[in-house]
Amino acid sequence: MKKLTFLLIGILTLTLMACGDDKDKGSYPPTYQGFRVSPSAVHPGDSVFITAVQQRKGNYLNATTYSWSMPVMLSLNDGSTVQEELYTSLQTNYGGLDSSDPTWRLYIPENTIPGTYTCKFDAKWSNSADGIGGSFSAGTGKGCVGTITAYSYTLYSQANGNFRLTIHEKP
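Not measured: the values here are computed from a predicted model. (Residues numbered from 1 in each chain as written. Predicted model: local features only at pLDDT ≥ 70, side-chain atom pairs only at ≥ 80, totals over all residues. Heavy atoms only, no water.)

(A) Representation of the environment of Thr 166. By secondary structure assignment, the location of Thr 166 is in strand β9 (residues 156–167). As for Thr 166 and Pro 114, which are separated by 52 residues in sequence, their C-alpha atoms are 7.5 Å apart. Excluding anything up to four places from it in sequence, Thr 166 contacts Val 42, Gly 115 and Thr 116. (Helix = DSSP H or I, 4+ residues; strand = E, 2+ residues; numbered from the N terminus. Contact = heavy atoms within 4.5 Å.)

(B) Summary view of the packing of aromatic side chains. Per the counting criterion, the structure on display carries 11 aromatic pairs. The interplanar angle of 35° and the centroid separation of 5.9 Å between the aromatic rings of Trp 68 and Trp 104 together place this pair among those described as tilted. Linking Trp 68 in strand β3 (residues 61–75) with Trp 104 in strand β5 (residues 103–107), this pair joins segments that are 36 residues apart in sequence. Taking the relative accessible area as the measure of exposure, Trp 68 reaches 3% and is therefore buried. Under the relative-accessibility criterion, Trp 104 is labelled buried at 5%. An aromatic cluster of three or more residues is present, and its members are Tyr 32, Phe 35, Tyr 66, Trp 68, Tyr 94, Trp 104, Phe 121, Trp 125 and Phe 163. (Phe/Tyr/Trp six-rings, centres within 6.5 Å; stacked < 30°, edge-to-face > 60°. Buried < 20%, exposed > 50% of the residue type's maximum accessible area, 1.4 Å probe, protein only.)

(C) Structural view of the pairing of strand β6 (residues 115–127). Where β3 lies against β6, 7 bridges are found, and the strand directions are antiparallel. Note on β6: the bridge partner recorded for Trp 68 is Phe 121. Sheet analysis places β6 next to β9, joined by 12 bridges and oriented antiparallel. Bridge pairing in β9 places Trp 125 opposite Ser 157. (Pairing = 2+ DSSP bridges.)

(D) Quick peek at the sheet that holds strand β2 (residues 47–56). Strand order in the open sheet formed by 3 strands is β1-β2-β5, and the pairing between neighbours is antiparallel. Strand pairing shows two members of the sheet lacking a second neighbour, β1 (31–38) and β5, which therefore form its edges. Between one strand axis and the next, the sheet turns by 20° as a mean value, whatever way the strands run. Bridge count between β2 and β5: 5 bridges; the pairing is antiparallel. Note that in β5 the partner of Val 48 across the bridge is Leu 106. (Axes fitted to C-alpha atoms, helices over the stretch in contact; angles between N-to-C directions.)

(E) Seen up close, the sheet that holds β3. With antiparallel pairing, the 6 strands of this open sheet are ordered in space as β4-β3-β6-β9-β8-β7. On the outer flanks of this sheet lie β4 (81–93) and β7 (134–136), each paired with one strand and no other. Strand-to-strand twist across the sheet, computed as the mean angle between neighbouring axes with direction ignored, equals 15°. As judged from the 13 bridges shared by β3 and β4, these two strands associate in the antiparallel manner.

(F) Expanded view of the nonpolar core. If you look at the biggest cluster of nonpolar residues, it comprises 30 residues, and the most contacted ones within it are Ile 50, Trp 68, Met 70 and Phe 121. Those elements that provide at least two residues to this core are β1, β2, β3, β5, β6, β8 (147–152) and β9. For this core, the element with the most residues is β3, which contributes 6 residues. Among all residues touching Ile 50, those that are not within four sequence positions of it are Phe 35, Arg 36, Trp 68, Pro 102, Thr 103, Trp 104, Leu 106, Cys 119 and Phe 163. (Core = buried A, V, L, I, M, F, W, Y, C linked by side-chain atoms within 4.5 Å.)

Interpretation in functional terms is not warranted from these geometric data alone.
Quick look at the structure:
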């Protein structure tokens, strides 16, 4: 009877070990909970820090490109207006160099017309193991705005998200 009990315990143990967390066996992107914006009140001429906040770090990711963009309307000296795309791109190695929350230091031009603008975020990673597949989103976390959804594929992962930034008139 003891041999049968030990055998059953051994089989159960092996079964539980085989059913472990499959997410540790493949690549997956970070799960984001939105954007943190500092300062919260933005005016023309201000510098703004926009951070994509991770709820959970990604796994088995290599070459990384983060891109941010936001079109704004500018007032020209002759009284006309023109749209300008504020943009930046950052390349790093997520798994080897930098898995921190990506941040864009954005300078709002002095001649920006106050209003509400949409800021877009894109990220692309090369997987260093087969991707587990699926989409990853945490919704909007406390102190954050907007949403970011990440996707895992066999060879690469990506994410995209956006939020609306209001630029107020100078006090």
